[in-house]
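Residue-level listing of the chains:
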Amino acid sequence: QGQLVESGGGLVQTGGSLRLSCVASRAVSGIKAMGWYRQAPGKERELVANIVINGITNYADSVTGRFAISKNKVGNTVYLQMNSLKPEDTGVYYCHAVAAWGDYWGQGTQVTVSS
């Protein structure tokens, strides 16, 4: 079955940067959109950003101006550049893909922002 594999999470200080990557396996076919969600302990998973096949992007209000989502030319890899990180950005970040036959989720990568 198809997989989304995330990387790039880690521990940074307030104001620092991280770059997340997510690679979809070949079995994830017909990708229409890819994006990133995050979940803090005890809270619901929320959309951070996504990008559709035509390049249109969408961002949560809380990250607008600080984060940037992008994808590679073949559309099987999505990145999230996170700048000016704040403690409230802490959480598990999950890659998500909308594909021809359903949705896929990555296993998540931990992002921790400390003071």
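Placed above this text is the structure.
Please read all numbers here as calculations on a predicted model, not as lab measurements.

Draft legend 1. Highlighting the packing of aromatic side chains. Taken as a whole, this structure holds one aromatic pair when the rule is applied. Aromatic side chains Tyr-37 and Trp-105 sit 5.0 Å apart centroid to centroid with 65° between the ring planes, which places their arrangement in the edge-to-face category. Residue Tyr-37 is located in strand β4 (residues 33–39), and its partner Trp-105 is located in strand β10 (residues 102–105); the two are separated by 68 residues in the primary sequence. A residue is classified by how much of its surface remains accessible, and Trp-105, at 38% relative accessible area, is partly exposed. The ring of Tyr-94 has Arg-45 lying over it, and the distance from NZ or CZ to the ring centre is 3.7 Å.

Draft legend 2. Structural detail: the pattern of salt bridges. Per the counting criterion, the structure on display carries three salt bridges. Of the charged contacts in the structure, one is a salt bridge between Glu-46 and Arg-38, with a shortest N-O distance of 2.9 Å. One salt bridge in this structure joins Asp-89 and Arg-66, with 2.8 Å as the shortest N-O distance. Of this pair, Asp-89 sits in the loop between β8 (77–82) and β9 (91–99) while Arg-66 sits in the loop between β6 (57–59) and β7 (67–71), and the two are 23 residues apart along the sequence. Judged on exposure class, the residue Asp-89 and its partner Arg-66 are both buried. Sharing partners across several salt bridges, the network here consists of Arg-38, Glu-46, Arg-66 and Asp-89.

Draft legend 3. Molecular detail of the sheet that holds β7. Spatially, the four strands line up as an open sheet ordered β1-β3-β8-β7, and their pairing is antiparallel. Of all strands in the sheet, those bounded by a partner on one side alone are β1 (4–7) and β7. Sheet twist, expressed as the average angle between the axes of neighbouring strands with direction ignored, equals 15°. The pairing of β7 with β8 spans five bridges and is classified as antiparallel. Bridge pairing in β8 links Lys-71 to Val-78.

Draft legend 4. Structural detail: the state of the cysteines. This model, assessed by the stated rule, comprises one disulfide. One disulfide bridge connects Cys-22 with Cys-95, the sulfur atoms lying 2.0 Å from each other. Measuring handedness by torsion sign, the sulfur bridge of Cys-22 and Cys-95 sits at about -85° and is left-handed. Taken as a pair, Cys-22 in strand β3 (residues 18–24) and Cys-95 in strand β9 lie far apart in primary sequence, 73 residues in all. The class of Cys-95 is buried, set by a relative accessible area of 0%.

What counts and what doesn't
Residues numbered from 1 in each chain as written. Predicted model: local features only at pLDDT ≥ 70, side-chain atom pairs only at ≥ 80, totals over all residues. Heavy atoms only, no water. Phe/Tyr/Trp six-rings, centres within 6.5 Å; stacked < 30°, edge-to-face > 60°. Helix = DSSP H or I, 4+ residues; strand = E, 2+ residues; numbered from the N terminus. Buried < 20%, exposed > 50% of the residue type's maximum accessible area, 1.4 Å probe, protein only. Lys NZ or Arg CZ within 6 Å of the ring centre and 35° of its normal. Salt bridge = Lys/Arg side-chain N within 4 Å of Asp/Glu carboxyl O. Pairing = 2+ DSSP bridges. Axes fitted to C-alpha atoms, helices over the stretch in contact; angles between N-to-C directions. Disulfide = S-S within 2.5 Å.

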